[in-house]
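# Coordinate analysis (summary)
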Amino acid sequence: MISVDNADLAAEPGSPGRIATSEWLDRLIRTTLAGKLSPAALLRFGDNSYYLPSRRELALILRESQADRKQHMLERYDCDDFAYAIKGEMTAHAYDAGELRYGLCVGLAWGKFDWMTVAGQAVNWAVTCDEAVWFIEPQTDDIYPCERCTGGLELLLV
């Protein structure tokens, strides 16, 4: 486990989550997912800081999600489109929650996962306030621990 210093991770007033800098998240993800990242893996952050929700918050937002209610259409609305839709809904939630100053630490990832039969699929990933990395199957809203990734992570965006 990565130790947390107060300069990198602090509580967001009035919420159960925490705030983390992109530098801290980069270290956490590279440490947690060591051995699962491909040699040429790219990890990209769009912002300097992120809100780390509780797992309960994450599950509640996913329960309200409309993305998993769409029909899978090869090349038109497939795994990456589902993942983009979930990311969009997470962004909209942060926008609508006036008390949050930062976007949720939920992004997209391409890799291999034990619940899929095809390698190189797009899913969502999240870091929660307990410093855990999770993967989200955007077509079902199921949340999996990082151990369910079997490797080959090529790109992680948030």
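Keep in mind it's a predicted model, so treat the numbers as computed, not measured.

## Focus: the overall build of the protein chain
Along the protein chain, the regular secondary structure elements total three helices and nine strands. Element order for the protein chain, N to C, with α for helix and β for strand: β-β-α-β-β-α-α-β-β-β-β-β. Across the protein chain, every contact between residues at least 6 apart in sequence was considered, and the portion connecting residues at least 24 apart equals 61%. As displayed, the protein chain offers around 8100 Å² of accessible surface, 50% of which is attributable to carbon and sulfur atoms.

## Considerations on the layout of surface pockets
In this structure, the largest pocket spans a volume of roughly 150 Å³. Lining the largest pocket, in full, are Gly46, Asp47, Tyr50, Lys87, Met90, Thr91, Ala94, Tyr95, Tyr102, Gly103, Leu104 and Val158. Residue contributions to the lining of the largest pocket peak at five residues, all from helix H3 (residues 79–96). Split into classes, the residues belonging to the lining of the largest pocket amount to seven nonpolar, three polar and two charged.

## Description of the confidence of the model for the protein chain
Predicted confidence across the protein chain gives a mean pLDDT of 84, with 81% of residues reaching 70 or more. Between residues 1–14, whose pLDDT stays under 50, and residues either more than four places distant or in other chains, the model counts 35 contacts.

## Examining empty space enclosed by the protein
For the coordinates displayed, the defined rule picks out one cavity of 30 Å³ or more. There is about 40 Å³ of room inside the largest cavity. In this structure, the largest cavity is lined by Ile29, Arg30, Leu37, Ala41, Leu42, Leu43 and Leu156. Elements supplying a minimum of two residues to the lining of the largest cavity: helix H1 (22–32) and strand S3 (37–44). For the lining of the largest cavity, the element with the most residues is S3, which contributes four residues. Split into classes, the residues belonging to the lining of the largest cavity amount to six nonpolar, no polar and one charged.

## A closer look at the sheet that holds strand S9 (residues 149–157)
With mixed pairing, six strands are arranged side by side in an open sheet as S3-S9-S5-S6-S7-S8. Across the chains shown, the open sheet's two edge strands, defined by having one partner strand only, are S3 and strand S8 (142–145). Neighbour-to-neighbour, the strand axes of the sheet open up by a mean angle of 40°, direction not taken into account. Note: strand S5 (residues 106–113) against strand S6 (residues 121–127), six bridges, orientation antiparallel. Within the sheet, the bridge partner assigned to Val106 lies in S6 and is Ala126. Taken strand by strand, helix H2 (residues 55–64) contacts S5, S6, strand S7 (133–137) and S8, and its axis lies near 150° from that of S8.

## Structural notes on the packing of aromatic side chains
Following the criterion strictly, the structure yields five aromatic pairs and no others. With a centroid separation of 6.0 Å and 50° between ring planes, the pair formed by Phe45 and Tyr50 is classed as tilted. Exposure remark for Tyr50: the relative accessible area of 2% places this residue in the buried category. Between Phe113 and Trp115, the aromatic rings sit 5.0 Å apart at their centres with planes inclined by 35°, giving tilted as the arrangement. What makes Trp115 buried here is its relative accessible area of 18%. Three or more aromatic residues joined by ring pairs make a cluster, and in this case those are Phe113, Trp115, Phe135 and Tyr144. Positioned above the aromatic ring of Trp134, the side-chain terminus of Arg55 is 4.4 Å from the ring centre.

Conventions adopted
- Residue positions are counted from 1 within each chain, in the order its sequence is given.
- Local features in a predicted model are, by the rule used here, given only for residues with pLDDT of at least 70; side-chain atom pairs are given and counted only at 80 or more, and totals for whole chains, interfaces and linings are based on all residues.
- Only hydrogens and water are set aside; all other atoms, that is, all heavy atoms of the structure, feed into the side-chain values.
- Every helix listed is a DSSP run of H or I at least four residues long, and every strand listed is a run of E at least two residues long, numbered separately from the N terminus.
- It only takes one pair of heavy atoms within 4.5 Å for two residues to be counted as in contact.
- Accessible areas in this description were obtained via Shrake-Rupley with a 1.4 Å probe; residue shielding takes into account the shown protein chains only.
- Computed over the protein atoms alone on a 1 Å grid, cavities are sets of points where a 1.4 Å probe fits but cannot get out and pockets are open sets with protein on both sides within 12 Å along at least five of seven lines; a residue lines them when it has an atom within 4 Å of a point.
- Grid points are joined across faces, edges and corners, and a volume is the space filled by probe spheres set on the points.
- Think of it as three bins: nonpolar holds Ala, Val, Leu, Ile, Met, Phe, Trp, Tyr, Cys and Pro, charged holds Asp, Glu, Lys and Arg, and polar takes everything else, Gly as well.
- Think of pLDDT as the predictor's per-residue confidence, scored from 0 to 100.
- A pair of strands is considered paired only if DSSP assigns at least 2 bridges between the two.
- Here an axis means a line fitted to C-alpha atoms, over the contact stretch when the element is a helix, while the angle between two N-to-C directions is reported on a 0 to 180 degree scale.
- We call Phe, Tyr and Trp rings a pair once their centres come within 6.5 Å, taking the six-membered ring for Trp, and we label the pair stacked below 30 degrees between planes, edge-to-face above 60, and tilted otherwise.
- The rule is simple: take the accessible area with a 1.4 Å probe, protein chains only, and divide by the maximum for that residue type; under 20% is buried, over 50% is exposed, in between is partly exposed.
- Put simply, a charge is over a ring when the Lys NZ or the Arg CZ is close to the ring centre, within 6 Å, and near the line of the ring normal, within 35 degrees.

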